[in-house]
Amino acid sequence: MPKQDTFTPGEPPVLEADVFLKGLWRENPVFVSLLGMCPVLAVTNTVMNSLAMGLATTFVLFMSTSLISLLRSFIPKQVRIPVFIVIIATFVTIVEYSIQAISLELYENLGAFIALIVVNCLIMGRAEAFASKNPLPRAMLDALGMGAGFTFALFCLGAVREILGSGSFAGVDLFGPNFQPWAIMILPPGGFLVLGGWLLLFAWARERSDRKKAEAEAAAGD
Amino acid sequence: MNPDSLTYVLLDASLVNNLVLASFLGICPFLGVSAKNETAVPMGFAVIFVMLVAGVCSYAINQILIYFDAPYLRIIAYIAVIASAVQLVEMFIKWFSPTLFRALGIFLPLITTNCAIMGMALFATAREYNFMQTLTYAIGGGVGFTLALILMSGLREQLELADVPSFARGAALTLIIAGILSMAFMGFAGLGG
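First things first, this report covers the structure right here in the doc. (Residues numbered from 1 in each chain as written. Chains lettered and ligands numbered in written order. Predicted model: local features only at pLDDT ≥ 70, side-chain atom pairs only at ≥ 80, totals over all residues. Heavy atoms only, no water.)

This part takes up helix 1 (residues 16–24) of chain A. All names here are of chain A. Taken residue by residue, helix 1 has Val19, Lys22 and Gly23 as its buried positions. Along the axis of helix 1, the buried residues cluster in a sector spanning 95 degrees; they form a single face. Buried residues belonging to helix 1 abut helix 6 (121–131) and helix 7 (136–166). (Buried < 20%, exposed > 50% of the residue type's maximum accessible area, 1.4 Å probe, protein only. Helix = DSSP H or I, 4+ residues; strand = E, 2+ residues; numbered from the N terminus. Arc of directions from axis to C-beta. Contact = heavy atoms within 4.5 Å.)

Moving on to the nonpolar core. Residues Phe31 and Leu195 of chain A together with Ile27, Phe30, Ile111, Met118 and Tyr137 of chain B are the most contacted members of the largest nonpolar core, which totals 113 residues. Filtering out sequence-adjacent residues up to four positions away, Ile27 of chain B remains in contact with Met37, Cys38, Leu41 and Phe192 of chain A together with Val20 of chain B. (Core = buried A, V, L, I, M, F, W, Y, C linked by side-chain atoms within 4.5 Å.)

With that out of the way, let us pick up the packing of helix 4 (residues 80–102) of chain A against helix 6 of chain A. All names here are of chain A. Two elements in contact, helix 4 and helix 6, have axes whose closest approach is 11 Å; the angle formed by their N-to-C orientations is 130 degrees. As judged from the angle between their axes, helix 4 and helix 6 are oblique. Where helix 4 crosses over helix 6, the two elements pack in a sense that is right-handed. Here Arg80, Ile81, Phe84, Ile85 and Ile88 of helix 4 come into contact with helix 6, specifically with Ile123, Met124, Ala127 and Glu128. Per-class residue counts for the contact of helix 4 with helix 6 are 7 nonpolar, no polar and 2 charged. (Axes fitted to C-alpha atoms, helices over the stretch in contact; angles between N-to-C directions. Parallel < 35°, antiparallel > 145°, perpendicular 65-115°, else oblique. Left-handed = near helix turned anticlockwise from the far one by under 90°. Nonpolar A, V, L, I, M, F, W, Y, C, P; charged D, E, K, R; others polar.)

Attention now goes to the environment of Leu155 of chain B. All names here are of chain B. The residue Leu155 is located in helix 7 (residues 131–159) in this model. Leu155 sits in the partly exposed class, given a relative accessible area of 37%. The spatial distance from the C-alpha of Leu155 to the C-alpha of Gly55 is 30 Å, given a sequence separation of 100 residues. If sequence neighbours within four positions are ignored, Leu155 has contacts with Ile177 and Leu181.

All names here are of chain A. Where nonpolar side chains cluster on the molecular surface, the patch consists of Leu67, Leu70, Leu71 and Phe74 and spans about 380 Å² of accessible area. Tracing the chain through its elements places Leu71 in helix 3 (residues 47–71). Under the relative-accessibility criterion, Leu71 is labelled partly exposed at 32%. (Patch = residues over 30% accessible without salt bridge, like charges linked within 9 Å, V, L, I, M, F, W, Y side chains within 5 Å. Areas by Shrake-Rupley, 256 points an atom, 1.4 Å probe, with all protein chains shown as cover. Salt bridge = Lys/Arg side-chain N within 4 Å of Asp/Glu carboxyl O.)

Working note: non-glycine residues mostly have negative phi, and peptide bonds are mostly trans. In the Ramachandran plot, Leu34 of chain A falls in the positive-phi region, its phi being about 55 degrees despite a non-glycine side chain. Here Leu34 of chain A shows up in the loop between helix 1 and helix 2 (37–42). Positive phi outside glycine occurs at Phe24 of chain B, with the angle close to 55 degrees. Here Phe24 of chain B is to be found in the loop between helix 1 (6–16) and helix 2 (27–32).

Coordinates in, geometry out; function isn't part of it.
Set out below in structure tokens:
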């Protein structure tokens, strides 16, 4: 395979499928890079809100990184950040008015956090680190992968918080009338605790698999 | 027009609905800069200053946009003002203390994407605050952010000496502590009502 000039120096060439897949798990924006935390914690009190927020963010990410990737050779390096922000803000405005038109209830649930997609560091981060250096198809794949990873993380949080905090899943009652809801989970502290819990679980699993691998290598060496 | 008294606005922004711990705004710098007290304090003051500038400007911009009947330009106009204010702070800190400038590093330009500031401007607009209320809300929000940052940095400095399992170190433990801190701030609910 001929070496393309679009790869960033020092980074080994990666397969096209990997550009998409890395966002889902290995470089998951929420669980690994801790980017875009504000909406992750704020709107995940129900499954529906989480999914809506994830999709809205994915749309803005996909559209703005595609446009930035197309324009990347025309944008002067010195003013790239303001240009990125204006492009992102335009798509956020489109999303805000669209959600208001589709479902007023959803619009009121998500509140100011739709407008706040504009300051989501995930989008700015992907625009700066990937879209401004890569051709359109790769930038689109990367945006889809990162968006899917972000939506997946929001779903993980929203599911746990809604099941524990309201005893339901996507509005469907799970435990019957005798369930005593764990109200703290849908309040602000619940967001911090559940995300902390997920991170603990992943870190524990990673350490465990690392140790197993090391033990297996030591056994093979004997 | 919003009938809330200035005392209520101040208490609401700084304690009851603390931007970081109750409204989840500005989490990135909250997790990023709170490891040491000596960077947390100047970061807090920089944010207070940017909040003030952004609050005053957003109020003026909102009046102009209402006059021209163009509310769809609000997000773009606000973010442009915030970016300029951050640039100003950056130049000032670089001139005032190059050491501090290096210590804050990437988190200084990232104040632009600090949702606490954008959120503060948007909330003030949504609640139809007048000029004095917006100013008070901006100060309260900045103070609340600084308070949360300083509390967190104190806890994390102590935590350096504590014996915790290796996999819990870092982000996971910080988030759980933030959750407990947030529970403590729920105790302020109803204050100033």
